[in-house]
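A closer look at the structure
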Amino acid sequence: MPGAKVRKKSNTRRLNTLPQQPSMASSSRFLLHYRKISALAFLILVACLIIVLNTSLRKEGVSLSDVPSNQLYTVEVVNEFPHDPDAFTQGLLYAENDILFESTGLNGASSVREVALQTGKVKAIQRMPYSDFGEGLTLFGDRLIQVTWRQSTGYIYDRHNLSKFEKFRHGMPDGWGLATDGKVLYGSDGSSTLYQIDPQTMKVVKKQIVNYQGDEVHRLNELEYVYDEVWANVWMVWTCSPTTASIEQLISYYSSQLYLSNMNLRKTDCIARVSHTDGSVLGWILLQNLREGLLHNLKKQIDVLNGIAWDRDGDRLFVTGKWWPKLYEIKLHPLKTPFNGDIKEMCMPPAFPF
């Protein structure tokens, strides 16, 4: 999930400057635009206050010793594979015989594709209409099921012929992530809610709030069903610091709809291991080193970790991200050294403002 809301689209738009001698109509448009920006600035300030207070309460209520070491995992990279650096990855799954299926996002660039694991080559692709922003993807039998952003709709594809598809409606307010245990579908909508969906009727049959140590885990994104757990990428942590951004900078940043990659939005690079029975987070997988390593070596724009695929028969785990040129096979290792940080601050974004 995200280049044009903050999260999704990569389009840019600059603030209109006031002409030397504005007409009545242009002046009115400017005033209207100014009022909108002022309102946005107020919302940002309120959001910052809430976030700062929330962070303060977290630090007072949770000490570092409250995070058991067996709940935190680092990863070992077993293999690296090529990945399309133009793929804004939204959904990823492993089929069989080293075949992956992938959903990509962004208006005008969304698609569903069949990909060869070893080479990263796209073997088949179905491009989506400009109006659709592709999101999570899962495979149920021979049906590839995909949801779309900012809609309660999605598509069901024939996995053997991606040009054969039909549209459907689901009961989630929005479509972000999708996974299955072979019996039901699990869905996310960018909130803290984990949905269970009947794969035959496509209706929501159950909702659970994902939580960790008494706090909701918001921004649940791409999903995968692994080891009888629902694994969820968590999208972004938004932090407010008066020393890093002025309100003028924030207004400019938001009004131009720039992609929030290096200001107050911080990538989490965290995967939550969620119990499908009660929604509690059983552990956290910390993958910060993967994206940091890519940034160091590539010196180019990449985005958040997003994409988890599990080869059930071969017990292999794969992860990638939006615009990442590599896909990694990883193994998990429990964190053995003391964790010097706040896992909630690192991995759990606030509910507000997006």
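These numbers come from a predicted model, not from an experiment. (Residues numbered from 1 in each chain as written. Predicted model: local features only at pLDDT ≥ 70, side-chain atom pairs only at ≥ 80, totals over all residues. Heavy atoms only, no water.)

So, about the overall build of the protein. A count of helical and extended segments in the protein gives four helices and 24 strands. In the form shown here, the protein has an accessible surface area of approximately 16400 Å², with 53% of it arising from carbon and sulfur atoms. (Helix = DSSP H or I, 4+ residues; strand = E, 2+ residues; numbered from the N terminus. Areas by Shrake-Rupley, 256 points an atom, 1.4 Å probe, with all protein chains shown as cover.)

Under the defined criterion, the tally for this structure stands at one disulfide. Bridging Cys270 to Cys347, the disulfide has an S-S length of 2.0 Å. What sets the handedness of the Cys270 and Cys347 disulfide is the S-S torsion sign, and at about -60° it is left-handed. Of this pair, Cys270 sits in strand 20 (residues 270-275) while Cys347 is found in helix 4 (residues 343-347), placing the two residues 77 residues apart along the sequence. With respect to class, Cys270 is no different from Cys347; both count as buried. (Disulfide = S-S within 2.5 Å. Buried < 20%, exposed > 50% of the residue type's maximum accessible area, 1.4 Å probe, protein only.)

Before going further, it helps to spend a moment on unusual backbone geometry. Unlike most non-glycine residues, Arg219 shows phi in positive territory, near 65°. Inspection of the secondary structure puts Arg219 in the loop between strand 15 (215-216) and strand 16 (220-226). Among the residues examined, Arg219 registers a relative accessible area of 6% and is labelled buried.

Mapped onto the fold, Glu135 is located in strand 6 (residues 134-140). In sequence terms Glu135 and Glu102 are 33 residues apart; their C-alpha atoms lie 9.6 Å from each other. Here the side chain of Glu135 touches Gln90 through a polar contact of 3.1 Å, side chain to side chain. (Polar contact = N/O pair within 3.5 Å; in protein donor to acceptor, adjacent residues only side chain to side chain.)

Reading across from one edge, 6-7-8-9 is the order of the four strands in this open sheet, with antiparallel pairing throughout. Edge positions in the sheet fall to strand 6 and strand 9 (161-169), since each of these pairs with one other strand and no more. Going across the sheet, the axis of each strand differs from the next one's by a mean of 25°, ignoring polarity. (Pairing = 2+ DSSP bridges. Axes fitted to C-alpha atoms, helices over the stretch in contact; angles between N-to-C directions.)

Turning our eyes to something else, we now look at the layout of surface pockets. Roughly 380 Å³ of volume is contained in the second largest pocket. For the second largest pocket, the lining is made up of 18 residues, of which Tyr94, Leu139, Thr180, Trp310 and Arg312 are closest to its centre. Every element with two or more residues in the lining of the second largest pocket is listed here: strand 2 (89-94), strand 6, strand 16 and strand 22 (305-311). A per-element tally of the lining of the second largest pocket places strand 6 first, with three residues. Across the lining of the second largest pocket, the residue classes tally to seven nonpolar, four polar and seven charged. (1 Å grid on protein atoms, 1.4 Å probe; cavity = no way out; pocket = protein on both sides within 12 Å on 5 of 7 lines; lining within 4 Å. Points joined across faces, edges and corners; volume = space filled by probe spheres on them. Nonpolar A, V, L, I, M, F, W, Y, C, P; charged D, E, K, R; others polar.)

A few words on the packing of aromatic side chains. For the structure on display, the rule yields 14 aromatic pairs. With 6.5 Å between their ring centres and 80° between their planes, Phe88 and Phe133 make a pair best called edge-to-face. Here Phe133 lies in the loop between strand 5 (122-127) and strand 6 and Phe88 lies in the loop between strand 1 (72-82) and strand 2, a separation of 45 residues in the sequence. There is no split in this pair, since Phe88 and Phe133 are both buried. Geometrically, the ring pair formed by Tyr157 and Phe165 is tilted, given 5.6 Å between the ring centres and 45° between the ring planes. (Phe/Tyr/Trp six-rings, centres within 6.5 Å; stacked < 30°, edge-to-face > 60°.)

Our focus in this paragraph is the nonpolar core. Core analysis: the largest hydrophobic core is formed by 25 residues, its most contacted members being Val217, Val281, Trp284 and Ile343. Contributing elements (two or more residues each) for this core: strand 16, strand 17 (229-234), strand 20, strand 21 (281-286) and helix 4. Sequence-distant contacts of Val281, that is, excluding residues within four places in its chain, are made with Val210, Asn211, Tyr212, Val217, Ala272, Arg273 and Val274. Counting 17 residues, the second largest nonpolar core, distinct from the first, contains Tyr73, Ile285, Ile308 and Tyr328. (Core = buried A, V, L, I, M, F, W, Y, C linked by side-chain atoms within 4.5 Å. Contact = heavy atoms within 4.5 Å.)

Looking now at the sheet that holds strand 16. Spatial ordering of the open sheet is given by 16-17-20-21-1-24-23-22, a layout of eight strands whose pairing is mixed. The strands lining the two open edges of the sheet, one partner per strand, are strand 16 and strand 22. For this sheet the average axis-to-axis angle between neighbouring strands, irrespective of direction, equals 35°. Two elements, strand 1 and strand 24 (residues 326-334), share nine bridges in a ladder whose sense is antiparallel. Across the sheet, residue Tyr73 finds its bridge partner in strand 24, namely Pro334.

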